[in-house]
Amino acid sequence: MKPFLRSQLERYAQRLQELDFLLSREDIMADMQQYRSISREHAEVTAVAGRYARYQQREADLAGAQEMLGDPDMTEMAQEEVASAETELVQLEDELQRLLLPKDPDDERNAFVEIRAGTGGDESALFAGDLARMYTRYAATVGWKVEIMSANESELGGYKEVVLRIEGDHVYGALRFESGGHRVQRVPATETQGRIHTSACTVAVMPEPDEAQAITLNPADLRIDTFRASGAGGQHINKTDSAVRVVHIPTGIVAECQDGRSQHSNKAKALQVLQARIQEKERSERAAKEAALRKGLIGSGDRSDRIRTYNFPQGRLTDHRINLTLYKLLAVMEGDLGDVLEALQHAREAELLAELGLE
């Protein structure tokens, strides 16, 4: 193991002792916000310190086994232990390197997933509906909750635009690399000649802002309009102007919500989405500047990046950023996204390791 890495890991063992002491103090236990923050850090530090303790134990086992190699009666057993310890040490070092990678504090947050139909008309809107269903199904498999914040439905089904709020553990960290252009190749339901069409949607994944941050919007910068909800509502359709559209005048960014029954609830949701969109604009501008200096494998998450193709005739999904091809498209569309998300996460980790000189 490199000395730099070892010195970093030694700090985790020291920090764990400090956190144990802090969590035993009555003043910190009385402050719930501080207690939660320290508890979260304690869990993260414990994971690293625990794996490092195991690494040190296996180093000691290896040294002991190597000493036994000189004893003819113990040679065979010692060789087995040397091989076992060396294999596990390689695995543990790789795991520890990944645990030490810098983390984005937003990774733990809930997320807004915004899906917009692009080129392809009605077929694009249908595909936007398919993507919304794919993310909703995946969320159900991992125990996340999904709420539709706003939806502009298409006449033939699907969405011209839909915004999902996904709540759960590590949502933004898991879905952040879904941002970009998604292209579909298939025979649309409206096609009579059986020809394959190509359509596209854009996806933007945005971390949900802190509730405390939502008040940073200056009311003077906002224009709030109310209107009557549209769409197929049946007996539940709004008879009052409960739908809300909020415009952030300095940037021109717009958010609207008409799904709730009350104007107050719709306004709160629209402000949440607006705040996330403003933060995402700042984030993407920073990412674009960084990308100009260093083109990352995963890309900047810009909408114009064509990140993935869904080819239905061949049952093939291709993620162009990491040259990943899977022939299980129908399963993926039913929410089996785990392999895709894991491959993207590993690619990002490899990038970070290379930047830190650990690979």
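To be clear, the structure that these remarks concern was listed above.
Since the model is a prediction, treat every value here as computed from it, not as a measurement. (Residues numbered from 1 in each chain as written. Predicted model: local features only at pLDDT ≥ 70, side-chain atom pairs only at ≥ 80, totals over all residues. Heavy atoms only, no water.)

1. Details of the overall build of the protein chain
Item 1. Assigned secondary structure in the protein chain consists of 9 helices and 11 strands.
Item 2. For the protein chain, the proportion of its 359 residues judged to be buried stands at 39%.
Item 3. For the protein chain, the accessible area works out to roughly 19,500 Å², and carbon and sulfur atoms hold 50% of it. (Helix = DSSP H or I, 4+ residues; strand = E, 2+ residues; numbered from the N terminus. Buried < 20%, exposed > 50% of the residue type's maximum accessible area, 1.4 Å probe, protein only. Areas by Shrake-Rupley, 256 points an atom, 1.4 Å probe, with all protein chains shown as cover.)

2. Looking at helix H1 (residues 3-23)
Item 1. Here H1 is 21 residues long and its end C-alpha atoms lie 31 Å apart, about the 30 Å a rise of 1.5 Å per residue gives.
Item 2. By the burial criterion, the buried members of H1 are Leu5, Leu9, Leu16, Leu19, Leu22 and Leu23. Down the axis of H1, the buried set is contained in an arc of 125 degrees. They therefore lie on one face. Opposite the packed face of H1, turned more than 90 degrees from it, sit the exposed residues Pro3, Arg11, Gln17 and Phe21.
Item 3. On its buried face, H1 is in contact with helix H2 (26-30), helix H3 (32-68) and helix H4 (75-99). (Expected span 1.5 Å × (residues − 1). Arc of directions from axis to C-beta. Contact = heavy atoms within 4.5 Å.)

3. Regarding the sheet that holds strand E9 (residues 306-311)
Item 1. Reading across the sheet, the 8 strands line up as E2-E3-E1-E5-E4-E9-E10-E11 and stay open at both edges, with mixed pairing between neighbours. Looking at which strands have only one partner, the edges of the open sheet turn out to be strand E2 (145-153) and strand E11 (324-326). Neighbour-to-neighbour, the strand axes of the sheet open up by a mean angle of 15 degrees, direction not taken into account.
Item 2. Bridge analysis of E2 against strand E3 (residues 159-167) gives 8 bridges, and the strand direction is antiparallel. Bridge assignment links Ile148 to a residue of E3, and that residue is Leu164.
Item 3. Strands E9, strand E10 (316-319) and E11 of the sheet are contacted by helix H9 (residues 338-355), whose axis makes an angle of about 170 degrees with E11. (Pairing = 2+ DSSP bridges. Axes fitted to C-alpha atoms, helices over the stretch in contact; angles between N-to-C directions.)

4. Observations concerning the packing of aromatic side chains
For any pair of aromatic rings, geometry is given as the distance between the ring centres together with the angle between the planes.
Item 1. Counted under the stated rule, the structure contains 2 aromatic pairs.
Item 2. The interplanar angle of 70 degrees and the centroid separation of 5.2 Å between the aromatic rings of Phe127 and Tyr310 together place this pair among those described as edge-to-face. Taken as a pair, Phe127 in helix H5 (residues 121-142) and Tyr310 in strand E9 lie far apart in primary sequence, 183 residues in all.
Item 3. Owing to a relative accessible area of 0%, Phe127 belongs among the buried residues under this scheme.
Item 4. Judged by its relative accessible area of 0%, Tyr310 is buried.
Item 5. Ring centres of Tyr138 and Trp144 lie 5.7 Å apart, and the angle between their planes is 80 degrees; this geometry places the pair in the edge-to-face category. For the pair formed by Tyr138 and Trp144, the shared burial category is buried. (Phe/Tyr/Trp six-rings, centres within 6.5 Å; stacked < 30°, edge-to-face > 60°.)

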